[in-house]
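Examination of the molecular architecture
If you want the building blocks of each chain, they are given just below.
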Amino acid sequence: MLKLNNVQTFYGNIQALKDVSMHISEGEIITLIGSNGAGKTTTLMSICGIVPPMGGEIYFTEEPIHDMRPDKIVSLGISQVPEGRHIFPFLTVTENLDMGAFLRKDRDGIKEDMEYVFGLFPILSERRNQPGGTLSGGEQQMLAISRALMARPRLMLLDEPSLGLAPIIVKQIFGIIRKINAEQNTTIFLVEQNANLALKVAHRGYVMENGRITLTDSAENLLSNEAVKKAYLGL
Ligand code: ATP
């Protein structure tokens with residue numbers, strides 16, 4: 001579904017991604033783990049076209065997207081849930097969800113999907129007329145995920161969904177990520193610093209260090225890999 005071939009991404013003279021190659025098949029949950037500044041967010045930004053790569057190629061369902069505008073990439077079926085949520089604080093929950101569906105014209109489908117996300121996160125249904133900015137951090141994360149779902153993506157990119165949230169909320173959100181993957185057949189690309197959590201929910205994983213992929217394996221094998229345990233699982 002998604003293929004990165006030798007992707008090189010720069011911020012000015014700083015090379016943040018060095019020869020990054022990876023692939024994601026339809027229906028998978030893939031995680032990218034790594035420490036602060038490794039290049040995880042930049043990988044997502046390059047896929048979305050926000051920080052386009054200077055070298056290499058990115059294909060989404062065989063179509064080259066490395067030179068494509070971000071809005072065109074969204075219209076192909078890739079939605080991002082950015083780090084820090086970035087919901088619209090002065091718009092209500094419902095209006096935030098409408099924003100996620102702004103490229104769609106199928107009114108019935110939009111209505112159906114809104115009911116689906118309210119089923120996933122009943123608290124959002126209760127707060128549907130409240131401004132997004134009045135929600136708790138966990139609720140805002142739920143809203144950010146729901147807003148991305150409203151685009152009916154084939155591939156959803158999640159950047160650090162656990163950041164700053166209480167463990168019980170994180171558990172709930174990760175359960176829902178699994179459910180979305182299973183029920184909607186949405187392919188998931190999950191960037192996380194919380195490697196333990198991410199590897200428990202993912203099928204496969206990639207490890208990134210200093211802008212390079214240094215290891216890839218099944219999530220199960222990565223969880224028991226001695227180097228991963230030491231560097232990322234605190235064991
Ligand atoms: P974190 O978990 O802290 O978000 P990360 O793995 O997502 O880390 P990136 O944010 O992708 O890492 O950063 C990769 C490298 O690119 C780092 O060295 C970072 O300092 C640099 N970088 C990121 N954004 C910019 C920017 N806008 N301008 C210049 N350098 C940047």
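Structure: above.
Note that the structure is a prediction, hence the values are computed from the model and not measured.

What to know about the site of the ligand
Not every one of the 13 residues close to the ligand is listed here, only the nearest: N36, G37, K40, T41 and T42. Between an oxygen atom of the ligand and a main-chain N or O atom of A38, the distance comes to 3.1 Å. Notes on the ligand: free accessible area 630 Å², of which the protein chains cover 61%. The element contributing the most residues to the shell around the ligand is helix α1 (residues 40-48), with 3 residues. Its residues assigned to classes, the shell around the ligand comprises 3 nonpolar, 7 polar and 3 charged.

Structural notes on the sheet that holds strand β4 (residues 55-60)
One open sheet accounts for 4 strands, arranged β2-β1-β4-β5; its pairing is antiparallel. Of all strands in the sheet, those with a lone pairing partner are β2 (14-24) and β5 (63-64), marking the two edges. With 2 bridges joining them, β4 and β5 adopt antiparallel strand pairing. Note that in β5 the partner of Y59 across the bridge is P64. Along the sheet, α1 contacts β1 (2-11), β2 and β4; its crossing angle with β1, the most-contacted strand, is approximately 110 degrees.

As for the pattern of salt bridges
Taken as a whole, this structure holds 9 salt bridges when the rule is applied. Here E28 ties to R204 by a salt bridge, and the two come within 2.8 Å at their closest N and O atoms. A residue pair is termed long-range when its members are at least 10 positions apart, and E28 in the loop between β2 and β3 (29-33) and R204 in strand β9 (residues 204-209) qualify at 176 residues. Residues E28 and R204 agree in their burial class; the two are buried. Across the pair E183 and K179 runs a salt bridge, and its minimum N-O distance is 3.8 Å. Of this pair, E183 and K179 both sit in helix α7 (residues 167-184), 4 residues apart, which is roughly one turn of that helix. The partly exposed category is assigned to K179, whose relative accessible area is 37%. When salt bridges that share partners are traced, they join R104, D106, E112, D113 and R152 into one network.

Observations concerning the packing of helix α3 (residues 93-100) against helix α6 (residues 137-149)
Relative placement of two packed helices is described by the angle separating their axes and the distance separating the axes. Viewed as axis vectors pointing N to C, α3 and α6 meet at an angle of 35 degrees, and their least axial separation amounts to 7 Å. Considering how the two elements wind past one another, α3 and α6 form a crossing that is right-handed. Here α3 contributes V93, N96, L97 and G100 to the contact with α6, which in turn contributes L143, S146 and R147. For the contact of α3 with α6, the class distribution of residues is 3 nonpolar, 3 polar and 1 charged.

Here's the deal with α6
For the α-helix, the turn length of 3.6 residues means that residues three or four positions removed from each other point alike. Helix length check: α6, at 13 residues, gives a terminal C-alpha distance of 18 Å against a target of 18 Å (1.5 Å per residue), a fit within 8%. Extensive coverage of α6 is indicated by the burial of 12 of its 13 residues. Here α6 has its buried residues at G138, E139, Q140, Q141, M142, L143, A144, I145, S146, R147, A148 and L149.

As for the sheet that holds β3
The strand order across the open sheet formed by 6 strands is β6-β7-β8-β3-β9-β10, and the pairing between neighbours is mixed. Two strands in the sheet have a free side with no partner beyond their single neighbour: β6 (78-81) and β10 (212-218). Across this sheet, the average inter-strand angle for adjacent strands is 15 degrees, counted without regard to direction. Relative to β10, β9 runs antiparallel, the two sharing 6 bridges. Within β10, the residue paired with G205 across the bridge is D217. Across the face of the sheet, α6 comes into contact with β6 and β7 (155-159) while running at roughly 170 degrees to β6. Here α7 sits on the sheet and contacts β3, β7 and β8 (187-192); the angle it forms with β8, its principal contact strand, is near 155 degrees.

Procedures and definitions
Residues numbered from 1 in each chain as written. Predicted model: local features only at pLDDT ≥ 70, side-chain atom pairs only at ≥ 80, totals over all residues. Heavy atoms only, no water. Near = heavy atom within 4 Å. Polar contact = N/O pair within 3.5 Å; in protein donor to acceptor, adjacent residues only side chain to side chain. Areas by Shrake-Rupley, 256 points an atom, 1.4 Å probe, with all protein chains shown as cover. Helix = DSSP H or I, 4+ residues; strand = E, 2+ residues; numbered from the N terminus. Nonpolar A, V, L, I, M, F, W, Y, C, P; charged D, E, K, R; others polar. Pairing = 2+ DSSP bridges. Contact = heavy atoms within 4.5 Å. Axes fitted to C-alpha atoms, helices over the stretch in contact; angles between N-to-C directions. Salt bridge = Lys/Arg side-chain N within 4 Å of Asp/Glu carboxyl O. Buried < 20%, exposed > 50% of the residue type's maximum accessible area, 1.4 Å probe, protein only. Left-handed = near helix turned anticlockwise from the far one by under 90°. Expected span 1.5 Å × (residues − 1).

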